[in-house]
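Survey of secondary and tertiary structure
Residue strings, one per chain:
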Amino acid sequence: MAVEEEGLRVFQSVKIKIGEAKNIPPYPGPNKMRDCYCTVNLDQEEVFRTKTIEKSLCPFYGEDFYCEIPRTFRHLSFYIFDRDVFRRDSSIGKVAVKKEDLQKYHGKDHWFPLQPVCADSEVQGKVHLELRLSEVITDSGGVCHKLATRVLECQDLPIVNGQCDPYAAVSLLGLSRSEAKKTKVKRKNNNPQFDEVFFFEVTKPLSYTKRQFDVEEDDVDKLALKVDLWTASNLKFGDEFLGEVRVPLRVLGQSGVHDAWYFLQPRDNSNKSVKADELGSLRLNIVYTEDHVFPTEHYNPLRDLLLQSAHVEPVSSSTAHILGEVCREKQEAAVPLVRLFLHYGKIVPFLSAIAHAEISRTQDPNTIFRGNSLTSKCIDETMKLAGMHYLRVTLKPIIDEICTDHKPCEIDPVKLKESENLDNNRENLRQYVDRIFNVITSSGVSCPTVMCDIFFSLRESAASRFQVDPDVRYTAVSSFIFLRFFAPAILSPNLFHLCLHHPDPCTSRTLTLISKTIQTLGSLAKSKSANFKESYMAAFYDYFNEQKYADAVKNFLDLISSSARWDQKSIETPIMLKEGFMIKRAQGRNRFGLKNFKKRWFRLTNHEFTYHKTKGEGALCSIPIENILAVERLEEESFKMKNMFQVIQPERALYIQANNCVEARDWIDILTKVSQCNRKRLSTYHPSAFLNGHWLCCKLSADTAPGCTPCTGGLPANIQLDVDGDRETERIYSLYSTYMAKLVKMQEACGSKSVYDGPEQEEYSTFVIDDPQETYKTLRLVISAIQTLEQQHMQYKRDKFRKTKYGSQEHPIGDQSFQCYIRQQSESSTYSI
């Protein structure tokens, strides 16, 4: 989700690898071991949870999480919990990384010490305050000064134990005073509107100056206002602290008026500090990205250069290929390039061009596409994007069964458990391999067209280059579809969204054995047994040493790399797109039925959207995709509940609450995309619910009244290839800007005489430059486009710096990232590249 800022869109995303924890303190009991899981939180809102690792003080998770961040946040936090079956799970420790510090750890494995979890430090949200100092004439004729403190509202307060019933306690603090006054409690509302005023008497002479005024207790500049936020509780433990703000009265200055937003802060307590590593530590790899995307016209020069890459001769002198040459990792370049070319329908000619160039440089047909080149990385990324649903239809049912049944499949005699039989395990494994092999080799007609077109190009280039090798037309394709697509998806199904979490060790071992066998079956190698270092794998492979397996692989490869296009037939088996528990409001089908909220298991396929009492049971309600007229957010005021959205049907709307903001955005996006082509989609909707005889948003009394707000639009119908071309171009610009020094060095390499006629200098040997003159021309155009975009970014930052007010709702006081930004802007007055 993008945040609009005066013609500029801001996207935030985070990719996290949760590695492992170590040295967790033992459980205070005879067992000592713990059952631990880890959560990912935006401030206090949980957005992801790992599986639980049982009986370990050094749990290994190995889980990946990616999300588009749909709102502002202050901390990215990670909590380690000890699961308790009978009571509430207890927190062991946490890692909280400030938003402005995320770049310090960008893309690197880092061990973070766990810090204690204290209720007084778990804060989020902000409060709007207005302070006014005024003179008041007393009954005796004297002059008294009073401080009027207005608590207007709060935003984004945390939900504690499933609820938030906030109130504010306001105090004036001095050396010998501490008066406290409270607002009313706002029930079930984490964005409360208080708008209450409190008066505090401040003694101060009429002719006050700092020199004359020497009564320290009553010196306004020595006083401070303290605002504590609490959530009321009926439990015996008392009210829960939400955060505090301390405002020194010196901010009133000469005007005597102060109006600002403040971030809530933790309470300063005197608990004894915990030593580093006393609670253990957590290994994380965090990649946080913030894209500032300008309107389309800003990217035209760079985008045009990129999209022309497939037609540049030689392709090594093209803009896209140069990006792969200067990036530290080819993967960095491959991801945005593939998404951009897919978006504009130019991926096949581009991949064909760079693949043909790589094959031309390959000397041995047995090493074709075996390196981590730009070609291999780009094709990998294309298959992930275009083939995700192909994988789900092909592999997911069997992967789910393997993860659920836990059949023993270990065939290494050394690792065999006492209770297991080697022959039984081999038979279990053989059945799994046979089923997966058959479902893959019979799925050719379902292979996405864009993948088939790429495979046809690879096959033709390889066969033309190595005419004496009859199998190269197969190995060129199998090196991708088997070695880089099906085998990795079987090995790590969580990375390909075939299951939510990393499989348990026993299941992971089974998947490893299956993946190894499928990879070898697909490779069409001459000597099968020689491919295995382990003798037990070579012996197991004898089951598959039959010609029928090689014939099935060749027939499958022939089909998916054929130049003849077939009409895409509708797949009879529904594709499962997303499922999970959410809370829904009864739709009022029964006239006298209560419209209460209930937890249900939701399931979305490309055919229908259903909900069930629990997972695996029959559907309680089924909504055909063609009946979804719009999917939009629901304003919190409707039911005083966060993360709600509505699925609008012809006769009613289904109101649903997701578990967190990331999940709500994911459901809205995928439901919108899958129903985007419905002919009767609405153009307007009601952002609030119909309650008590009228729409809360527009107050119209007819439940059939047309919507009062334009629907969200512009999303493409193709789920797999939902790409923002401008955002990808911005990412490519960022990469070029990061590696500007390498671009300049590549220019030097092109201009060097050694490139033309002498021995190549070692410092330039890392670059592939087939035509120095053409490459130099392209580099000059690229650098010019990057510099223009860099100037536009700097101008935007300067304009924003001039317009932004510290203490506004967008940048509350206490916003350390904004304070850093102000400091950077004041230090950098010139621009250079």
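Predicted model, so just to flag it, every value in this text is computed and none were measured. (Residues numbered from 1 in each chain as written. Predicted model: local features only at pLDDT ≥ 70, side-chain atom pairs only at ≥ 80, totals over all residues. Heavy atoms only, no water.)

1. A word on the pairing of strand E2 (residues 8-22)
Operational definition: Partly exposed describes any residue whose relative accessible area lies between the buried limit of under 20% and the exposed limit of over 50%, with all areas from a 1.4 Å probe on protein chains only and scaled to the type maximum. Per the convention used, a helix needs a DSSP run of H or I reaching at least four residues, while a strand needs a run of E reaching at least two, with both numbered from the N terminus. Two strands qualify as a pair provided DSSP detects at least 2 bridges between them.
The buried fraction of E2 amounts to 11 of the 15 residues, a majority that puts the element mostly inside the structure. Bridging between E2 and strand E17 (residues 281-293) involves 12 bridges; their strand directions are antiparallel. The residue of E17 that forms the bridge with Lys15 is Val287. Sheet topology places E2 next to strand E5 (residues 60-68); 7 bridges connect them, and they run antiparallel. Residue pairing in the sheet places Val14 in a bridge with Cys67 of E5.

2. Examining the pattern of salt bridges
Stated formally: By convention in these notes, a salt bridge is any Lys or Arg side-chain nitrogen within 4 Å of a carboxyl oxygen on Asp or Glu.
Across all of its chains, the model carries 41 salt bridges by this definition. With a shortest N-O distance of 3.4 Å, Asp165 and Arg187 are connected by a salt bridge. Placement of Asp165 in the loop between strand E10 (143-155) and strand E11 (166-173) and of Arg187 in the loop between strand E12 (178-182) and strand E13 (193-202) is noted, with a sequence separation of 22 residues between them. Residue Asp165 is classed as buried on the basis of its relative accessible area, which comes to 5%. Between Arg361 and Asp770 there is a salt bridge whose closest N-O contact spans 3.7 Å. Residue Arg361 is found in helix H4 (residues 347-361), and its partner Asp770 is found in the loop between helix H16 (753-756) and helix H17 (772-803); the two are separated by 409 residues along the sequence. Given a relative accessible area of 39%, Arg361 falls into the partly exposed group. Put simply, Glu68, Asp291, Arg339, Arg727, Glu728 and Arg731 are held in one network by salt bridges that share partners.

3. Thoughts on the packing of aromatic side chains
Let me state the cut-off plainly: A pair of aromatic rings is counted whenever rings of Phe, Tyr or Trp (Trp by its six-membered ring) have centres within 6.5 Å, and the orientation is called stacked for planes under 30 degrees apart, edge-to-face for over 60 and tilted otherwise. To sit over a ring, a charge needs its Lys NZ or Arg CZ within 6 Å of the ring centre and within 35 degrees of the ring normal.
Within the structure shown, the criterion is met by 27 aromatic pairs. Ring plane angle 55 degrees and centroid distance 6.3 Å describe the contact between Phe482 and Phe486, whose orientation is recorded as tilted. Taken together, the residues Phe482 and Phe486, both in helix H9 (residues 472-491) and 4 residues apart, mark about one turn of the helix. Overall, Phe482 belongs to the buried group, its relative accessible area being 0%. With centroids separated by 5.6 Å and ring planes inclined at 25 degrees, the aromatic side chains of Phe602 and Phe609 adopt a geometry described as stacked. You can call Phe602 buried: its relative accessible area is 0%. One aromatic cluster is present, built from ring pairs that chain together Phe437, Phe540, Tyr541, Tyr543, Phe544 and Tyr549. Directly above the ring of Trp111 sits Lys22, whose terminal nitrogen or CZ lies 4.2 Å from the centroid. Taking the ring centre of Trp261 as reference, the NZ or CZ of Lys126 above it sits at 5.7 Å.

4. Structural notes on the nonpolar core
How we decide: For this analysis, a nonpolar core means a set of buried residues of the types Ala, Val, Leu, Ile, Met, Phe, Trp, Tyr and Cys, connected via side-chain atoms within 4.5 Å. Note on contacts: a residue pair is in contact if any heavy atoms of the two residues lie within 4.5 Å.
Leu395, Phe455, Ile481, Ile518 and Leu557 are the most contacted members of the largest nonpolar core, which has 114 residues in total. Among the elements that make up this core, the one with the highest residue count is H9 (12 residues). Each residue touching Ile518, except ones within four places of it in the same chain, is listed here: Val433, Ile436, Phe437, Ile440, Phe482 and Ile490. Of all hydrophobic cores here, the second largest spans 34 residues; its members include Val47, Phe78, Ile80 and Phe112.

5. Things to note about helix H10 (residues 505-523)
Rules: To estimate the expected span of a helix, subtract one from its residue number and multiply by 1.5 Å. Within 3.5 Å is the distance limit for a polar contact, defined as a pair of N or O atoms, with the added protein rule that one can donate a hydrogen and the other accept it, and that residues adjacent in sequence qualify only through two side-chain atoms.
When the terminal C-alpha atoms of H10 are compared, their 27 Å separation across 19 residues agrees well with the 27 Å that a helix rising 1.5 Å per residue should span. Burial runs high along H10: 14 of the 19 residues are buried. By the N-cap criterion, in which a side-chain oxygen at the helix start approaches the backbone nitrogen of a residue two or three places on, H10 is capped by Asp504, the distance to Cys506 being 3.1 Å.

6. Some points on helix H13 (residues 661-674)
Counted at 1.5 Å a residue, the expected span for H13 with its 14 residues is 20 Å, and the 20 Å between its end C-alpha atoms agrees. Summarising burial for H13: 12 of the 14 residues are buried, a large majority. Structurally, the start of H13 carries an N-cap: the backbone nitrogen of Val662 is 3.1 Å from a side-chain oxygen of Asn660.

7. Points about the environment of Lys554
Turning to its location among the elements, Lys554 is positioned in helix H12 (residues 547-560). Spatially, the C-alpha atom of Lys554 lies 9.1 Å from that of Thr441, the residues being 113 residues apart in sequence. Among residues more than four places away in sequence, those in contact with Lys554 are Asp471, Tyr474 and Leu524.

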